[in-house]
Amino acid sequence: MKWNLNKIDGLIKCPKTIKVAPTKDMKEENRHRRNDLTLSGNDNQSFRVFLRQSLEFPEDFSVGLEYLSLEGQRIELIRFNGQHDTPLANEDSKNLHFCYHIHKATPERLNEGLYLKHPALMEGPYASFFGAISSFMKETNVANYIDYFPYIKQADLFEGDAK
């Protein structure tokens, strides 16, 4: 498959619904809390969302979207991260890792077969893990997320994005 920005953005923004719900409580593993859910999109597309949060430093978290291709590849499209101090080797000195930031796939990386660990491109429009989940679900167009994350409505009030 030849990747371009329209294909990437189309997968990120296409309407999705939660098919396999997250567990009620996040599982503790390797010094992190974690949870996963499966989404369905248009044309029988499948996606996976992963939620990770450090037990030691709660501001260090990831909320990411993977596209599950028909060929069986897991392709990370976008990831909303919290603060952490470890930039990727391929990133420049502007280093967004000390603030809330978003990693997004680029056509160049995907066409080279690099499906994970995309560069940080922008600061995130959130200030907490719950705020990141809310922003992420809206950005990735997940229709029924509030059914599984009812506490997000309350987080939106504190993030200044009440609905």
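The text that follows walks through the structure, step by step, so that each part is easy to find.

1. Digging into the overall build of the protein chain
Thought 1: Regarding its fold elements, the protein chain presents five helices and eight strands.
Thought 2: Of the regular secondary structure in the protein chain, the N- to C-terminal order runs α-β-β-β-β-β-β-β-α-β-α-α-α.
Thought 3: Expressed as a percentage of the 163 residues in the protein chain, the buried residues total 45%.
Thought 4: Across the protein chain, every contact between residues at least 6 apart in sequence was considered, and the portion connecting residues at least 24 apart equals 45%.
Thought 5: Accessible area of the protein chain: about 9000 Å², with a carbon and sulfur share of 51%.

2. Here's the deal with unusual backbone geometry
Thought 1: With a phi close to 50°, Asn 30 is a non-glycine residue in the positive phi region.
Thought 2: Relative to the assigned elements, Asn 30 resides in the loop between strand S2 (27-29) and strand S3 (32-40).
Thought 3: Judged by relative accessible area, which is 64%, Asn 30 ranks as exposed.
Thought 4: For Asn 44, which is not glycine, the phi torsion reads 60° and is therefore positive.
Thought 5: Within the secondary structure, Asn 44 sits in the loop between S3 and strand S4 (46-54).

3. Points about the nonpolar core
Thought 1: Counting 34 residues, the largest nonpolar core has Leu 51 and Met 137 as the members making the most contacts within it.
Thought 2: Those elements giving two or more residues to this core turn out to be helix H1 (5-13), S3, S4, strand S5 (61-68), strand S6 (74-81) and helix H3 (129-139).
Thought 3: Not counting residues up to four positions away in its chain, the partners in contact with Met 137 are Leu 37, Val 49, Val 142, Tyr 145 and Phe 149.

4. So, H3
Thought 1: In terms of burial, H3 is a largely internal element, eight of the 11 residues being buried.
Thought 2: Looking at H3, one finds that the buried residues are Phe 129, Gly 131, Ala 132, Ile 133, Ser 134, Ser 135, Phe 136 and Met 137.
Thought 3: Just downstream of H3, Asn 141 is the residue with a positive phi angle, here 60°.

5. Points about the packing of aromatic side chains
Thought 1: Applying the stated rule across the entire model yields eight aromatic pairs.
Thought 2: Both rings, one in Phe 61 and one in Tyr 126, keep their centres 6.2 Å apart while their planes meet at 50°; by these two values the pair is tilted. Residue Phe 61 is found in strand S5, and its partner Tyr 126 is found in the loop between strand S8 (120-123) and H3; the two are separated by 65 residues along the sequence. In this pair, the class of Phe 61 matches that of Tyr 126, namely buried.
Thought 3: Look at Tyr 100 and Tyr 126: their rings are 5.7 Å apart centre to centre, the planes differ by 65°, and that puts the pair in the edge-to-face class.

The rules behind these values
- Residues numbered from 1 in each chain as written.
- Predicted model: local features only at pLDDT ≥ 70, side-chain atom pairs only at ≥ 80, totals over all residues.
- Heavy atoms only, no water.
- Helix = DSSP H or I, 4+ residues; strand = E, 2+ residues; numbered from the N terminus.
- Buried < 20%, exposed > 50% of the residue type's maximum accessible area, 1.4 Å probe, protein only.
- Contact = heavy atoms within 4.5 Å.
- Areas by Shrake-Rupley, 256 points an atom, 1.4 Å probe, with all protein chains shown as cover.
- Core = buried A, V, L, I, M, F, W, Y, C linked by side-chain atoms within 4.5 Å.
- Phe/Tyr/Trp six-rings, centres within 6.5 Å; stacked < 30°, edge-to-face > 60°.

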